[in-house]
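Each chain is listed here by its residues.
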Amino acid sequence: MAIQKILITGVNGLIGSLVYERLSALTDVYDVYGADRSTKHSDRVSDVSAHKVPAGRFFEVDLADRMRVQTICEGMHMVVHLAANPDPGASWDSLLHNNIEATYHVFEACRLSGVQRVVYASSGQAILGYRHQEPYKGVAEGYCPDRPLPQVTYDMPTKPINVYGCTKIWGEALARTYADAHGLSCLCIRFGWVLAKDALPYPNQRDVWCSGRDAVQMVERCLAAPDFLRYDIFQAFSKSPYLWKDISHAQAVLGYDPQDDVIQFETKKQEPY
């Protein structure tokens with residue numbers, strides 16, 4: 001099998017740095033490049049995962065620059081689009097610039113450049129509103145359910161609670177458009193809450209956690225998915241008795257197999273920060 005040329009946008013972000021570390025080690029499978037608006041890593045990235053992309057494989061670029069985006073996508077087989085402003089409280093101007101315009105430019109550049117697949121980083125925030133209603137509200141308040149919760153599946157109506165979540169839903173819709181209208185394979189991942197060094201979230205947020213290892217696995221599974229898979233949405237979360245966001249679709253279609261469990265992590269001694 002020919003080596004696949006991969007571009008990771010947002011490579012200096014938390015998930016981007018973890019994905020780069022993993023894919024760049026698979027030299028017989030992937031030829032990996034990275035793009036980011038800065039050479040510096042995000043404040044969310046720990047020293048452990050701050051792997052520097054070699055100068056010849058790194059593009060410093062503002063994704064709002066459409067022509068520059070097209071240039072860096074030329075010759076790529078697949079693009080993992082992770083770049084975005086991840087702050088749910090960000091201003092509209094920042095979300096428009098980083099989450100709306102930039103995402104459109106990436107998809108359009110991939111179409112024009114003949115990229116085969118885009119793996120798009122959506123967010124669990126696309127359905128976070130379900131957490132404000134029963135039977136999920138109790139979990140959000142820190143109570144452990146005494147029986148499995150009914151699962152919110154990938155194809156249920158979205159329910160964002162902020163504009164950031166809306167931008168991610170827009171990205172999913174854009175992916176659908178490029179898949180249907182242009183034949184570009186577009187796979188969307190609704191990532192859970194990934195934290196540096198796999199620190200655990202607060203007790204009332206254990207239902208939304210995804211370990212770095214499981215986030216990276218989901219990206220790998222999407223990159224390796226069959227060519228005929230044109231569009232889909234997968235929810236990336238680690239194991240948890242609190243989990244109400246369905247991952248069975250990702251397990252069935254991609255073979256996603258989360259390795260980490262929030263309860264097991266809670267019983268381990270965590271590294272001091």
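One structure accompanies this document, and this report is about it. For every chain, the first residue of the written sequence is number 1, and numbering continues from 1 along that sequence. It should be noted that, the model being predicted, local features are given only for residues of pLDDT at least 70 and side-chain atom pairs only at 80 or more, the latter also being counted only at that level, while totals for whole chains, interfaces and linings use all residues. Note that the side-chain values use all heavy atoms of the structure and ignore hydrogens as well as water.

1. Some words on the side chain of Asn 99
Item 1. With respect to the element layout, Asn 99 can be found in helix 3 (residues 92-113).
Item 2. What qualifies as a polar contact is a pair of N or O atoms within 3.5 Å, subject to a donor-acceptor requirement within protein and to the restriction that residues adjacent in sequence count only when both atoms come from side chains. Separated by 3.2 Å, the side chains of Asn 99 and Thr 167 make a polar contact.
Item 3. Once residues lying within four places of it in the same chain are set aside, the contact partners of Asn 99 are Ala 84, Asn 85, Ser 94, Tyr 164, Thr 167 and Trp 170. Starting at the N terminus, helices and strands are each numbered in turn, a helix being any DSSP run of H or I of at least four residues and a strand any DSSP run of E of at least two. Whether two residues are in contact is decided by their heavy atoms, any of which lying within 4.5 Å being enough.

2. Some points on the sheet that holds strand 2 (residues 30-36)
Item 1. For two strands to be treated as a pair, DSSP must find at least two bridges joining them. Strand order in the open sheet formed by seven strands is 3-2-1-4-5-6-7, with parallel pairing between adjacent strands. Looking at which strands have only one partner, the edges of the open sheet turn out to be strand 3 (58-60) and strand 7 (231-236). On average, each strand axis in the sheet is tilted by 20° relative to the strand beside it, whichever way the strands run.
Item 2. Of the strand pairs in this sheet, strand 6 (residues 185-191) and strand 7 are connected by six bridges, and their pairing is parallel. Opposite Cys 186, over in strand 7, you have Tyr 231 as the bridge partner.
Item 3. Inter-axis angles, ranging from 0 to 180 degrees, are taken between N-to-C directions of lines fitted to C-alpha atoms, where helices are fitted over the stretch in contact. Packing of helix 1 (residues 14-25) onto the sheet brings it into contact with strand 1 (4-9), strand 2 and strand 6, and relative to strand 1 it is tilted by some 165°.
Item 4. Strands in contact with helix 2 (residues 66-73) are strand 1, strand 2, strand 3 and strand 4 (78-81); relative to strand 3, the strand with the most contacts, it is inclined by about 175°.

3. Some details on the layout of surface pockets
Item 1. Taken as a whole, the largest pocket encloses approximately 1,100 Å³ of empty space.
Item 2. Both cavities and pockets are sets of points on a 1 Å grid over the protein atoms alone; in a cavity a 1.4 Å probe fits but cannot get out, in a pocket the set is open with protein on both sides within 12 Å along at least five of seven lines, and lining residues sit with an atom within 4 Å of a point. Along the wall of the largest pocket there are 41 residues; nearest its centre are Arg 44, Asn 85, Pro 86, Asp 87 and Tyr 164.
Item 3. Contributions of two or more residues to the lining of the largest pocket are made by helix 1, strand 2, helix 3, strand 5 (117-123) and helix 5 (163-182).
Item 4. Note that Gly is not counted as nonpolar here; it falls among the polar residues with everything else outside the nonpolar set of Ala, Val, Leu, Ile, Met, Phe, Trp, Tyr, Cys and Pro and the charged set of Asp, Glu, Lys and Arg. Taken together, the residues of the lining of the largest pocket sort by class into 19 nonpolar, 14 polar and eight charged. Grid points are joined across faces, edges and corners, and a volume is the space filled by probe spheres set on the points.

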